[in-house]
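What the coordinates show
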Amino acid sequence: MPKESTELFPAHGRPKVGYKVFTVLAEVIQDKTNLGLPAKWNRNYELSRNKHWSQTSDKISLMTANLLYTHRQRTVNMLTDNNPTFNIVKRGNPNDIQDDSVYDDLLHIAEFWWGDTEQQSILEQSVINGETYGCTVEKIVFNPDLEFNLGEVETEIVDPYHFGFYPVKTKDIQKAEALFHYWPMSVREAKPKRPQLSKDITSDDEFLKELG
């Protein structure tokens, strides 16, 4: 008998890789729906946009002072007003002799990266998400297309609508088996990303028409 794989997803190129990925993703999305999180986040966003009323009236003027937006903006300004300080700490064997200038270089790189990539504005958007939804997600990856194709570390703010982890009951995200960052993509954007599959990429509308 072939040995059964203990991995969460089959290896690349194996049958039903996509099926397994979408099965797990469906469980992640359904769990968030069961908890009422998308509806809660949407309501929080509406309140921040001064949309307190679910319906309008021609006879009664429903006026509201958007104190929530003002409070949130003041909180964000207070939390992001000052530039952070960076520290590099040596860890490991204290008897390990290494040139301290290496740590100085790392410190200067961190400071340069913060200013050169304008991380202050990204931090502001991250805090806004935290104050709006109750959580914030930052995805930090190396993007080879930045800096004229030389590459640079990029911080992307991910809406909680488009993020999830598995197993869904995990309390510590460091112990999760999989993290999902998913979002809708247009056909025009998808085809250049997967040129070998471009002839098979169709829009949802066309696919649903084929299914009847």
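Before going into details, it helps to say that this report is about the structure given with it. Model, not experiment: these values are computed from the prediction.

**Describing the packing of helix H3 (residues 67-79) against helix H5 (residues 119-133)**
Axes are the key here: two packed helices are described by the angle between their axes and the distance separating the axes. For the pair H3 and H5, interaxial distance at closest approach is 10 Å and the crossing angle is 140°. As summarised for this structure, H3 and H5 are arranged oblique, according to the angle between their axes. For H3 against H5, the interelement crossing comes out right-handed. Listed contacts from H5 to Arg72, Gln73, Thr75, Val76 and Leu79 of H3 are Glu124, Val127, Ile128, Glu131 and Thr132. Its residues assigned to classes, the contact of H3 with H5 comprises four nonpolar, three polar and three charged.

**What to know about the nonpolar core**
Formed by Leu8, Val24, Leu25, Val28, Tyr166, Val168, Ala178, Phe180 and Tyr182, the largest nonpolar core amounts to nine residues. Mapped by element, the contributors of at least two residues to this core are helix H1 (17-34) and strand E4 (178-181). With residues up to four places along the chain from it excluded, the contact list for Leu25 reads Phe180 and Tyr182.

Rules used in this analysis
- Residues numbered from 1 in each chain as written.
- Predicted model: local features only at pLDDT ≥ 70, side-chain atom pairs only at ≥ 80, totals over all residues.
- Heavy atoms only, no water.
- Axes fitted to C-alpha atoms, helices over the stretch in contact; angles between N-to-C directions.
- Helix = DSSP H or I, 4+ residues; strand = E, 2+ residues; numbered from the N terminus.
- Parallel < 35°, antiparallel > 145°, perpendicular 65-115°, else oblique.
- Left-handed = near helix turned anticlockwise from the far one by under 90°.
- Contact = heavy atoms within 4.5 Å.
- Nonpolar A, V, L, I, M, F, W, Y, C, P; charged D, E, K, R; others polar.
- Core = buried A, V, L, I, M, F, W, Y, C linked by side-chain atoms within 4.5 Å.
- Buried < 20%, exposed > 50% of the residue type's maximum accessible area, 1.4 Å probe, protein only.

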